[in-house]
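# Overview (structure and organization)
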Amino acid sequence: QVQLVESGGGLVQAGGSLRLSCAASGRTFSGYAKGWFRQTPGKAREFVATISGSGSSTYYADDVKGRFTISRDNAKNTVYLQMNSLKPGDTAVYYCAARVSGVADTVPRKYDYWGQGTQVTVSS
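Here is a short report on the structure shown in this document. None of the values given here were measured: they were computed from a predicted structure. (Residues numbered from 1 in each chain as written. Predicted model: local features only at pLDDT ≥ 70, side-chain atom pairs only at ≥ 80, totals over all residues. Heavy atoms only, no water.)

Moving on, we get to the sheet that holds strand β7 (residues 68–73). The pairing of strands in a sheet comes from backbone hydrogen bonds and takes either a parallel or an antiparallel form. Read across the sheet, four strands follow the order β1-β3-β8-β7 without closing on themselves; strand pairing throughout is antiparallel. Looking at which strands have only one partner, the edges of the open sheet turn out to be β1 (3–7) and β7. Shown here is a sheet whose adjacent strand axes are inclined to one another by a mean of 15 degrees, direction ignored. Direction of pairing for β1 relative to strand β3 (residues 18–25): antiparallel, over a ladder of five bridges. Bridge assignment links Leu-4 to a residue of β3, and that residue is Ala-24. (Pairing = 2+ DSSP bridges. Helix = DSSP H or I, 4+ residues; strand = E, 2+ residues; numbered from the N terminus. Axes fitted to C-alpha atoms, helices over the stretch in contact; angles between N-to-C directions.)

Applying the stated criterion across every chain, the model contains one disulfide. Bridging Cys-22 to Cys-96, the disulfide has an S-S length of 2.0 Å. Handedness of the Cys-22-Cys-96 disulfide follows from its S-S torsion of about 55 degrees: it is right-handed. With Cys-22 in strand β3 and Cys-96 in strand β9 (residues 92–99), the pair connects residues that are 74 residues apart, well separated along the chain. (Disulfide = S-S within 2.5 Å.)

Tallied over the full model, the rule gives six aromatic pairs. With centroids separated by 5.2 Å and ring planes inclined at 75 degrees, the aromatic side chains of Phe-37 and Tyr-111 adopt a geometry described as edge-to-face. Highlighted residues: Phe-37 in strand β4 (residues 33–39) and Tyr-111 in the loop between β9 and β10 (113–114), separated in sequence by 74 residues. We note that Phe-37, like Tyr-111, is buried. Both rings, one in Phe-37 and one in Trp-114, keep their centres 5.1 Å apart while their planes meet at 55 degrees; by these two values the pair is tilted. With Phe-37 in strand β4 and Trp-114 in strand β10, this pair connects stretches of sequence that are 77 residues apart. For Phe-37, a relative accessible area of 0% puts it in the buried group. Residue class for Trp-114 comes out partly exposed when judged on its relative accessible area of 27%. Put simply, the rings of Phe-37, Phe-47, Tyr-111 and Trp-114 touch in pairs and so form one group of aromatic residues. (Phe/Tyr/Trp six-rings, centres within 6.5 Å; stacked < 30°, edge-to-face > 60°. Buried < 20%, exposed > 50% of the residue type's maximum accessible area, 1.4 Å probe, protein only.)

Remember that the coordinates give geometry; whether it matters functionally is a separate question.
Following this line, the structure appears as structure tokens:
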């Protein structure tokens with residue numbers, strides 16, 4: 001029911017910022033929980049940030065707290081990940097995801113829809 005398309009990745013120097021966007025099709029997207037996950041070669045997909053369908057709850061991985069912010073714009077059917085103070089360890093493919101239940105979760109398998117991923121590379 002929902003298609004997710006990510007954009008905004010690229011190459012940035014350490015300490016810089018990027019804003020990732022995930023645009024969704026589907027009239028019910030506003031009620032879904034949204035999440036951001038990242039993956040590097042040879043590693044499992046790991047949790048980064050999530051927001052509940054109502055927008056009232058947000059959760060972040062410990063290593064991105066204070067640097068990354070997840071937000072949504074229901075009018076634009078878009079979820080964002082603002083990434084500040086980027087570090088080389090943030091280099092990964094970043095994926096957005098949506099969960100129909102609307103309950104935020106940190107587990108990738110709980111999500112029903114996924115974007116194609118966008119590469120973020122942070123240089124020293």
